[in-house]
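Below are the chains, spelled out letter by letter.
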Amino acid sequence: MCIRDRSYAKPPEIVMKVMDAVLILLNEKTDWNTARVVMQDIGQFINRLKSYDKENIQESILIKLRKKLQDPEFDEKKIQVRVPAAATLAIWCKTMNTFSIVNKNVEPKKRNVEELQKKLNAAKSELQIKQSQLAEVQGNCLLYTSPSPRDRQKSRMPSSA
């Protein structure tokens with residue numbers, strides 16, 4: 001049984017539950033006609049799923065999605081037995097939900113890392129400047145502390161006593 005089968009006047013209930021979840025994520029109207037239109041060009045549909053902006057799912061979409069995912073029938077193992085293609089889409093929907101939960105915890109940490117990286121880069125730049133200045137000072141110290149050629153000649157002469 002293919003999920004895109006146009007012979008469905010009305011698809012099996014489980015197919016519609018899965019497609020509702022997919023359509024919610026895609027921010028489309030949740031009905032079978034919309035589902036058929038969205039899946040009409042299967043290549044475009046798959047690309048849309050692959051390139052889905054999972055890092056910026058709106059909270060309102062997640063709330064609607066989570067209501068669908070709470071349905072006991074929304075179990076990919078049960079769905080796999082009846083409509084394998086729908087099971088894959090169900091897994092995708094659950095994965096988007098899981099990712100959004102994890103991303104919500106990770107995002108502040110990513111921003112913190114970016115801030116710390118900027119501070120580190122600034123400190124490295126400052127260190128490079130200071131090391132350059134230190135090398136210059138050390139070079140000047142050598143000039144003032146090394147004996148002049150005349151002083152070197154005097155030190156080579158035997159002292160008269």
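Above this text sits the structure in question.
Residues numbered from 1 in each chain as written. Predicted model: local features only at pLDDT ≥ 70, side-chain atom pairs only at ≥ 80, totals over all residues. Heavy atoms only, no water.

Digging into the packing of helix H1 (residues 13-25) against helix H6 (residues 84-145)
Phase 1 of the analysis: With their axes 9 Å apart at the nearest point, H1 and H6 run at an angle of 40° to one another. Considering the angle they form, H1 stands oblique to H6. The chirality of how H1 crosses H6 is left-handed. Contacts between H1 and H6 pair Val18, Met19, Ala21, Val22 and Leu25 from the former with Ala86, Leu89, Ala90, Trp92, Cys93 and Met96 from the latter.
Phase 2 of the analysis: Residues of the contact of H1 with H6, tallied by class, amount to eleven nonpolar, no polar and no charged. (Axes fitted to C-alpha atoms, helices over the stretch in contact; angles between N-to-C directions. Helix = DSSP H or I, 4+ residues; strand = E, 2+ residues; numbered from the N terminus. Parallel < 35°, antiparallel > 145°, perpendicular 65-115°, else oblique. Left-handed = near helix turned anticlockwise from the far one by under 90°. Contact = heavy atoms within 4.5 Å. Nonpolar A, V, L, I, M, F, W, Y, C, P; charged D, E, K, R; others polar.)

A few points about the pattern of salt bridges
Phase 1 of the analysis: Applying the stated criterion across every chain, the model contains twelve salt bridges.
Phase 2 of the analysis: For Arg48, the salt bridge identified is with Glu28, shortest N-O distance 2.7 Å. With a gap of 20 residues between them, Arg48 in helix H3 (residues 42-50) and Glu28 in the loop between H1 and helix H2 (32-39) connect regions that are remote in the sequence.
Phase 3 of the analysis: Overlapping salt bridges, with partners in common, bring together Glu55, Glu107, Lys110 and Arg111 in one network. (Salt bridge = Lys/Arg side-chain N within 4 Å of Asp/Glu carboxyl O.)

Quick notes on the packing of H1 against helix H4 (residues 59-69)
Phase 1 of the analysis: The contact between H1 and H4 brings their axes to 9 Å, and the two run at 170°. Comparing their axes, H4 and H1 come out roughly antiparallel. Only Ile61, Lys64, Leu65 and Lys68 of H4 make contact with H1, whose side of the interface consists of Asp20, Ala21, Ile24 and Leu25.
Phase 2 of the analysis: Across the contact of H1 with H4, the residue classes break down as five nonpolar, no polar and three charged.

Some thoughts on the nonpolar core
One broad trend across soluble globular proteins is that nonpolar side chains are buried collectively.
Phase 1 of the analysis: Membership of the largest hydrophobic core comes to 33 residues, with the highest contact counts inside it found for Val18, Met19, Val22, Leu25, Phe45 and Cys93.
Phase 2 of the analysis: The greatest single-element share of this core, amounting to ten residues, is contributed by H1. (Core = buried A, V, L, I, M, F, W, Y, C linked by side-chain atoms within 4.5 Å. Buried < 20%, exposed > 50% of the residue type's maximum accessible area, 1.4 Å probe, protein only.)

Focus: the side chain of Thr34
Phase 1 of the analysis: Relative to the helices and strands, Thr34 is located in helix H2.
Phase 2 of the analysis: Residue classification places Thr34 among the buried positions, given a relative accessible area of 16%.

Some remarks on H4
Phase 1 of the analysis: Those residues of H4 that fall on the buried side of the exposure criterion are Ile61, Leu62, Leu65 and Leu69. The arc enclosing the buried residues of H4, seen along the axis, measures out at 95°, which places them on a common side.
Phase 2 of the analysis: Buried residues along H4 sit against H1 and H6. (Arc of directions from axis to C-beta.)

Looking at unusual backbone geometry
Phase 1 of the analysis: Residue Asn27 is not a glycine yet carries a positive backbone phi of 60°.
Phase 2 of the analysis: As for its position among the elements, Asn27 is in the loop between H1 and H2.
Phase 3 of the analysis: Assessed through its relative accessible area of 55%, Asn27 is described here as exposed.

Re the packing of aromatic side chains
Phase 1 of the analysis: In total, this model carries one aromatic pair according to the counting rule given.
Phase 2 of the analysis: With a centroid separation of 5.4 Å and an interplanar angle of 75°, the aromatic rings of Tyr52 and Trp92 are classed as edge-to-face. Of this pair, Tyr52 sits in the loop between H3 and H4 while Trp92 sits in helix H6; the two residues are 40 residues apart in sequence, bridging distant segments of the chain. Each of the two residues, Tyr52 as well as Trp92, counts as buried.
Phase 3 of the analysis: For the cation-ring pair, Lys54 lies above Phe99, with the distance from its terminal atom to the ring centre recorded as 5.6 Å. (Phe/Tyr/Trp six-rings, centres within 6.5 Å; stacked < 30°, edge-to-face > 60°. Lys NZ or Arg CZ within 6 Å of the ring centre and 35° of its normal.)

Remember that the coordinates give geometry; whether it matters functionally is a separate question.
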